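Geometric and topological summary
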Amino acid sequence: EVASFIAAYRAHRLDRESQILAQLAAGHAHIMDMVPAMYADVDPRLHPAAAHSVLAHLVRLVKIGRVHCNGAPGLSSVYTLAA
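Residues numbered from 1 in each chain as written. Predicted model: local features only at pLDDT ≥ 70, side-chain atom pairs only at ≥ 80, totals over all residues. Heavy atoms only, no water.

**Thoughts on the packing of aromatic side chains**
The criterion, for reference: For Phe, Tyr and Trp, rings pair up if their centres lie within 6.5 Å, where Trp contributes its six-membered ring, and each pair is then called stacked (planes under 30 degrees apart), edge-to-face (over 60) or tilted (otherwise). Comment: elements are numbered from the N terminus, with helices defined as DSSP H or I runs of at least four residues and strands as E runs of at least two. Relative accessible area decides the class of each residue, using a 1.4 Å probe on protein chains only: under 20% of the type maximum gives buried, over 50% gives exposed, and in between gives partly exposed.
Applying the stated criterion across every chain, the model contains 1 aromatic pair. When the ring of phenylalanine 5 is compared with that of tyrosine 9, the centres are 6.5 Å apart and the planes differ by 20°; the resulting orientation is stacked. In this pair, phenylalanine 5 and tyrosine 9 both sit in helix α1 (residues 2-25), 4 residues apart, roughly one turn of the helix. The class for phenylalanine 5 is exposed, based on a relative accessible area of 58%.

Written as structure tokens, this is what we have:
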């Protein structure tokens, strides 16, 4: 059923967002510091793709004001939790 698929997908995305916020709270300010912890069960060769997924989340989190970034969001940017 489409509705249950969408609900599960949304829940997964929100869970990933929570993981990113937890990584920031733990002091990890760079995407490449977050990815190994968040994707520990994923083949490290896939971490570059995972980094782009984390970046997409961070773009949204910056846009809605939950996260600050030193300039435009990018793979090498520094991220911090908003006050």
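Picking up after the structure, the text goes on.
**Description of the side chain of glutamine 23**
For the record, the criterion: For this analysis, a polar contact is any N or O atom pair within 3.5 Å, provided that within protein one partner can donate a hydrogen and the other can accept it, and provided that sequence-adjacent residues contribute only side-chain to side-chain pairs. Note on contacts: a residue pair is in contact if any heavy atoms of the two residues lie within 4.5 Å.
Within the secondary structure, glutamine 23 sits in helix α1. Classification of glutamine 23 by relative accessible area gives buried; the value is 13%. Within the local environment of glutamine 23, its side chain forms a polar contact with the side chain of histidine 28, the two groups lying 2.5 Å apart. In this structure, glutamine 23 is in contact with His28, Asp33, Met34, Ala37 and Met38, ignoring residues within four places of it in sequence.

**Overview of the nonpolar core**
What counts here: Throughout this description, the term nonpolar core refers to a set of buried Ala, Val, Leu, Ile, Met, Phe, Trp, Tyr and Cys residues connected via side-chain atoms within 4.5 Å.
Among the nonpolar cores identified, the biggest contains 17 residues, and Ile20, Leu24, Ile31, Val54, Leu58 and Tyr79 are the most heavily contacted of them. Every element with two or more residues in this core is listed here: α1, α2 (31-38), α3 (47-63) and β1 (67-69). Ranked by the residues each element gives to this core, the list is headed by α3, at 6 residues. In this structure, tyrosine 79 is in contact with Leu24, Ala29, Ile31, Leu55, Leu58, Val62, Val67, His68, Cys69, Pro73 and Gly74, ignoring residues within four places of it in sequence.

**Topic: the confidence of the model for the chain**
To be explicit about the condition: One number per residue, pLDDT, summarises how confident the predictor is, and it ranges from 0 to 100.
Mean pLDDT over the chain works out to 96, with 100% of the residues at or above the 70 mark. The element-level mean pLDDT for the chain is lowest in α1, coming to 94, with strand β2 (residues 79-81) highest at 98.

**Regarding α2**
Condition: Here the arc refers to the set of directions running from the helix axis out to each C-beta atom.
Taken together, the buried positions of α2 are Ile31, Met34, Val35 and Met38. With its buried residues spanning 105° around the axis, α2 presents them on a single face. Those residues of α2 that are buried lie in contact with α1, α3 and β2.

**Brief notes about the environment of isoleucine 31**
Considering the arrangement of structural elements, one finds isoleucine 31 in helix α2. Linking isoleucine 31 and isoleucine 20, residues 11 residues apart in sequence, is a C-alpha distance of 9.0 Å. Residue contacts for isoleucine 31: discarding those within four places in its chain leaves Ala51, Val54, Leu55, Leu58, Gly74, Leu75 and Tyr79.

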